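Close look at the chain arrangement
Below, each chain spelled out in residue letters.
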Amino acid sequence: MSSELLVDLSDDHAPAQLGQLKLATIEDQQWPADESTYSKSETDLSQPFDAGSPHLSWDHPFYDIARHQIIEVAGDDNFGRKVIVFNACRMPPQHQLDHHKLLMYLKGTLDQYVESDYTLIYFHHGLTSENKPSLGWLREAYREFDRKYKKNIKALYIVHPTMFIKTLLILFKPIISFKFGRKINYVSYLSELEDVVKCEQLLIPARVKEYDNKLRSSLKPSAQPPMSPPRSPPLPNQVFGVPLATLRMRSPEDDLVPVVMRDTISFLSEQGLEIEGIFRRSANVTLVKEVQLKYNSGESVDFREMEDVHLAAVILKTFLRELPEPLLTYQLYNDIVNFASVPEDNQVPAMRTLLETLPEENYASLRYLITFLAQVSANSEINKMTNSNLAVVFGPNLLWGRDNAMSLSAIGPINNFTRALLDQQHLVFA
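Residues numbered from 1 in each chain as written. Predicted model: local features only at pLDDT ≥ 70, side-chain atom pairs only at ≥ 80, totals over all residues. Heavy atoms only, no water.

Notes on the overall build of the protein chain
Across its full length, the protein chain carries 20 helices and five strands. Burial analysis of the protein chain (430 residues in total) assigns 53% to the buried set. Considering only intrachain contacts with a sequence separation of at least 6, the fraction spanning at least 24 residues in the protein chain is 80%. Carbon and sulfur atoms provide 50% of the accessible area of the protein chain, an area that totals close to 20300 Å². (Helix = DSSP H or I, 4+ residues; strand = E, 2+ residues; numbered from the N terminus. Buried < 20%, exposed > 50% of the residue type's maximum accessible area, 1.4 Å probe, protein only. Contact = heavy atoms within 4.5 Å. Areas by Shrake-Rupley, 256 points an atom, 1.4 Å probe, with all protein chains shown as cover.)

Encoded structure:
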């Protein structure tokens, strides 16, 4: 991966030089229909919505943007940072898309995460002369993203960069800060993303995968980039990525709450309650992997020896996110996404009813977690983590669709349910 912006050019020459660039050279009009355009957890957008649909209604101001799934949220990366994905190939022709509204939709997505460390992944393939936004829009977009958005973005990964995008960044260099420029990374092949995020949690469009295969096949065997490493077989004492029911059966005392949750929450309860921005910062990926390996090897982990609050926080989020099925289960997905339709007076009994359907180990682990997060929120004047902030952090780690990626239309309701659960936890778990 490369993060160099090369040389500086005058902004005045940008329109003329961009006009001479071709955006695509590989039969963009010949690609087959993308079978992965819409999440499997969501209904066919060509059909009318029913009352149980998790999508934005057709008369919602952002419906015409959300339905294309240009922007997605894909959990946390290997560093514990939220991942926002932008898919150029899903952008319709210029005359069919309100680019100003697209910018507002992107900002609305980022607004939920800009107080935390986050990563942007941009899949460039599929940007053509028909769907590319204007140079003026790009300039406006960069200027709209003021310090609020740039402060905590830790990396921007541009996947399958072309000469067009590289030249564009050179032309924009006069208005791109040096600090932000260092965060830009070029990713030539999908396998390179594995250093950053598990590709299986990204709903990568079929067109992008096909293009990646074409690039690989065009190389000489000696120049072939490494393929994504195969998944390692589970270790005998595997903890991460293992069902809660399995962890419970392995527990000598039939403990309903997994040891990772007990270890991290115990440590954070002692030393993390007054740390400003707890759960918003990332951690050293090497240390994260070392701790995971210890747990997966059956070794005990003492976070007091490491004295790293943010490492424990990331381990807790990572454990939840790597569960084969989310803590709140796929069964409750539609009920939770549509929970806003429940009258306020009935929300507490409705939450009780929903949560009582959870497996025993899921319910116990959720109660243990939420009780701890209530302690965190009680210290929000110091740590700045209110129930709303905690919901934004933990909502996507408690529930996601079967395809792992979520649109903004689903993220909002999930976070709102999580906030309501935190607000009413003393009644829900009474």
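So, next bit.
Quick word on the pattern of salt bridges
Tallying each qualifying case throughout the model produces 15 salt bridges. Residue E144 pairs with K107 through a salt bridge whose shortest N-O separation is 2.5 Å. With a gap of 37 residues between them, E144 in helix α4 (residues 135–144) and K107 in helix α3 (residues 99–111) connect regions that are remote in the sequence. Taking relative accessible area as the criterion, E144 reaches 27% and is therefore assigned partly exposed. Note that D212 and R216 form a salt bridge whose closest N and O atoms lie 3.4 Å from each other. Residue D212 and its partner R216 are both found in helix α8 (residues 206–217); the two are separated by four residues, about one turn of the helix. Like D212, the residue R216 is buried in the burial classification. Among the charged side chains, a network of salt bridges with common partners joins R248, D254, E360 and E361. (Salt bridge = Lys/Arg side-chain N within 4 Å of Asp/Glu carboxyl O.)

Focus on the pairing of strand β5 (residues 184–187)
Covered by surrounding structure in β5 are I184 and Y186 together with N185 and V187, the residues of both alternating faces. Note: strand β4 (residues 153–159) against β5, four bridges, orientation parallel. Residue L156 lies in a different strand from β5, and its bridge partner there is I184. (Pairing = 2+ DSSP bridges.)

Remarks on the nonpolar core
Among the nonpolar cores identified, the biggest contains 64 residues, and L268, F279, F319, L366 and F394 are the most heavily contacted of them. In this structure F279 touches L268, A313, L316, K317, F372, L373, V376, M385, L390, V393 and F394, once residues within four positions along its chain are discounted. In terms of nonpolar packing, the next biggest core, distinct from the first, is built from 41 residues, A88, V114, I165 and I176 among them. (Core = buried A, V, L, I, M, F, W, Y, C linked by side-chain atoms within 4.5 Å.)

Considering the packing of aromatic side chains
Taken as a whole and assessed by the stated rule, the structure comprises eleven aromatic pairs. Each ring, one from F62 and one from Y105, has its centre 5.5 Å from the other, and the planes form 55 degrees; the classification is tilted. Residue F62 is found in the loop between α1 (14–19) and α2 (63–66), and its partner Y105 is found in helix α3; the two are separated by 43 residues along the sequence. Taking 5.0 Å as the distance between ring centres and 90 degrees as the angle between the ring planes, the aromatic pair formed by F339 and F417 counts as edge-to-face. Remark: F417 occurs in helix α19 (residues 408–423) and F339 occurs in the loop between α14 (333–337) and α15 (347–355); sequence separation between them is 78 residues. Exposure class is identical for F339 and F417. Each is buried. An aromatic cluster is built from F240, Y295 and F319, whose rings are joined through pairwise contacts. Its guanidinium or amino end placed over the ring of W400, R321 lies 4.3 Å from that ring's centre, counting from NZ or CZ. (Phe/Tyr/Trp six-rings, centres within 6.5 Å; stacked < 30°, edge-to-face > 60°. Lys NZ or Arg CZ within 6 Å of the ring centre and 35° of its normal.)

With respect to unusual backbone geometry
Trans peptide bonds make up the majority, and among non-glycine residues the majority have a negative phi. Of note in this structure, D254 is not a glycine but carries a positive phi near 55 degrees. Note that D254 resides in the loop between α9 (244–250) and α10 (259–271). One non-glycine residue, K384, lies in positive phi territory at about 65 degrees. Counting through the fold element by element, K384 comes out in the loop between α17 (380–383) and α18 (387–398). What makes K384 partly exposed here is its relative accessible area of 41%.

Details of α15
Since the α-helix packs 3.6 residues into each turn, any two residues three or four apart lie on the same face. Considered for burial, the residues of α15 that qualify are Q347, V348, A350, M351, L354 and L355. Projected down its long axis, α15 shows its buried positions confined to an angular sector of 160 degrees, all on one face. (Arc of directions from axis to C-beta.)

A closer look at the pairing of strand β3 (residues 118–123)
Consecutive side chains of a regular strand alternate in pointing toward one face of the sheet and then the other. The element β3 is extensively covered by neighbouring structure, given that six of its six residues are classed as buried. Residues Y118, L120 and Y122 of β3 are buried on one face, and the alternating residues T119, I121 and F123, pointing to the opposite face, are buried as well. The pairing of strand β2 (residues 82–87) with β3 spans six bridges and is classified as parallel. Among the inter-strand pairings, N87 is bridged to a residue of β3, identified as F123. Handedness of the β2-α3-β3 crossover: right-handed. When β3 meets β4, the two strands line up parallel, connected through six bridges. Considered in β4, the bridge of F123 is made with V159. (Right-handed = clockwise from strand over helix to strand, strands pointing away.)

Remember that the coordinates give geometry; whether it matters functionally is a separate question.
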